[in-house]
Amino acid sequence: MPRALATLRAALLAIVASAGPATADPAEWRGEWPETDFSRHSVPFGEIRSGGVRRDSIPSIDAPRFVPVAEDDTLATSEPVIGLEIGGVARAYPLRVLIWHEIVNDEVAGTPVAVTYCPLCNAAVVFDRTVRGRVLEFGTTGKLRHSDLVMYDRQTASWWQQYTGTGVVGQYTGTRLQVRTSRLESYAAFAARHPKGEVLVPGDPRLRPYGVNPYVGYDSATAPFLYDGDVPEGIEPLARVVVVGGQAWSLDLLRRNRTLEHGDLVFTWEPGQNSALDDRRIAAGRDVGTVTVQSRRKGALEDVPYSVTFAFVFHAFEPGGQLHTR
């Protein structure tokens, strides 16, 4: 087992074993975060807890490197990627890379974006990095809220909730990042749509054991890591759900129906995408399929922003939201 993987697994086990009630004290945080304005916050500090690592211990990718799809020989066709297209430029960001870095600061067709993935929530979200005319660069705080990554921007050291893209501590408290439409899809699906697209590759392939999942069996666990909140009724906390706005549909429901319509929304499910959080080798993870969500609002079908996450995550961040299981 690679040393980095063994170390991370041991750290995760230690965190879970020692996890008690969440505690937080800005006075203790100020030594590491002297630039952060802790007088401004929109969530109770008690909801923010250590993820067992420090600021930037999980390093963001700030100078991403890509190769053409036709030249890539590392990815299995069923591996999960975040597919993004802006201004005719299409890029795939493999979860085999993001599971170790969580944030990619990129610029696509002149648009600064943050491509983010929180493994503990299986939340893959792409944000516009421009806020009020200012381009921000994001990193990891090493902290969690509702088991979700808390990011920070390097310009003001404000803290941001990854799942919602909302500033929760510091100067940008209450500010919400614009979500960019993307897909969580198999590499084969991305390559079929964008044969001339590009795929993210590690700057140094030796830096991490890319392709290995350090959270083996996580999405089959009975409870999420470092989460003290309520869980939804009638569905397993770590069951996948597809979220659009304040509503969610269970992945099992979509798998059974293959196609589902709700108002002007059209959901489709196709087999062929591995879970990144199942087997030790991501390429060998069980098939959870690829979901697309589109709207007929303007006549032709157009992609809309959505998230494939866990049921407990939707319940934590949308406590009044409607969850469809049948």
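Up top is the structure these notes are about.
This one's a predicted model, so the numbers in the text were calculated from it and none came from an experiment. (Residues numbered from 1 in each chain as written. Predicted model: local features only at pLDDT ≥ 70, side-chain atom pairs only at ≥ 80, totals over all residues. Heavy atoms only, no water.)

(A) Examining the nonpolar core more closely. Residues I82, Y93, V115, Y218, V242, F267 and V293 are the most contacted members of the largest nonpolar core, which totals 75 residues. The leading source of residues in this core is helix α6 (residues 311-317), at six residues. Non-local contacts of I82, meaning those with residues more than four positions away in its chain, are made with R91, A92, Y93, L95, L98, V115, T116, A124, V126, S182, R183 and L184. One finds W29, F45, A157 and V168 within the second-largest nonpolar core, a separate group that totals twelve residues. (Core = buried A, V, L, I, M, F, W, Y, C linked by side-chain atoms within 4.5 Å. Buried < 20%, exposed > 50% of the residue type's maximum accessible area, 1.4 Å probe, protein only. Helix = DSSP H or I, 4+ residues; strand = E, 2+ residues; numbered from the N terminus. Contact = heavy atoms within 4.5 Å.)

(B) Layout of the environment of P26. Here P26 shows up in helix α2 (residues 26-29). Along the primary structure P26 and L251 are separated by 225 residues, whereas in three dimensions their C-alpha atoms are 39 Å apart. Setting aside its immediate chain neighbours within four residues, P26 contacts F38 and F45.

(C) Representation of the packing of aromatic side chains within the structure. Evaluation of the coordinates by the stated rule reveals 16 aromatic pairs. Ring centres 5.3 Å apart and planes at 70° place the aromatic pair W33 and W159 in the edge-to-face group. Residue W33 is found in the loop between α2 and β1 (48-50), and its partner W159 is found in strand β12 (residues 159-161); the two are separated by 126 residues along the sequence. There is no split in this pair, since W33 and W159 are both buried. By way of ring pairs, the aromatic residues W29, W33, F38, F45, Y152 and W159 are connected into one cluster. Against the face of W33 rests R55, its NZ or CZ located 4.1 Å from the ring centre. (Phe/Tyr/Trp six-rings, centres within 6.5 Å; stacked < 30°, edge-to-face > 60°. Lys NZ or Arg CZ within 6 Å of the ring centre and 35° of its normal.)

(D) Inspection of the pattern of salt bridges at higher detail. All chains considered together, the criterion is met by 21 salt bridges. Residue R49 pairs with D228 through a salt bridge whose shortest N-O separation is 2.7 Å. Taken together, the residues span a long stretch of sequence, with R49 in strand β1 and D228 in the loop between β16 (198-201) and β17 (240-244) at a distance of 179 residues. In this structure R49 comes out as buried when scored by relative accessible area, which is 9%. The shortest N-O distance in the salt bridge between E137 and R154 comes to 2.7 Å. Of this pair, E137 sits in the loop between β9 (134-135) and β10 (138-145) while R154 sits in the loop between β11 (148-153) and β12, placing them 17 residues apart in sequence. On the basis of relative accessible area, R154 is assigned to the partly exposed category, the value being 28%. Through salt bridges with shared partners, a single network forms among D56, D62, E137 and R154. (Salt bridge = Lys/Arg side-chain N within 4 Å of Asp/Glu carboxyl O.)

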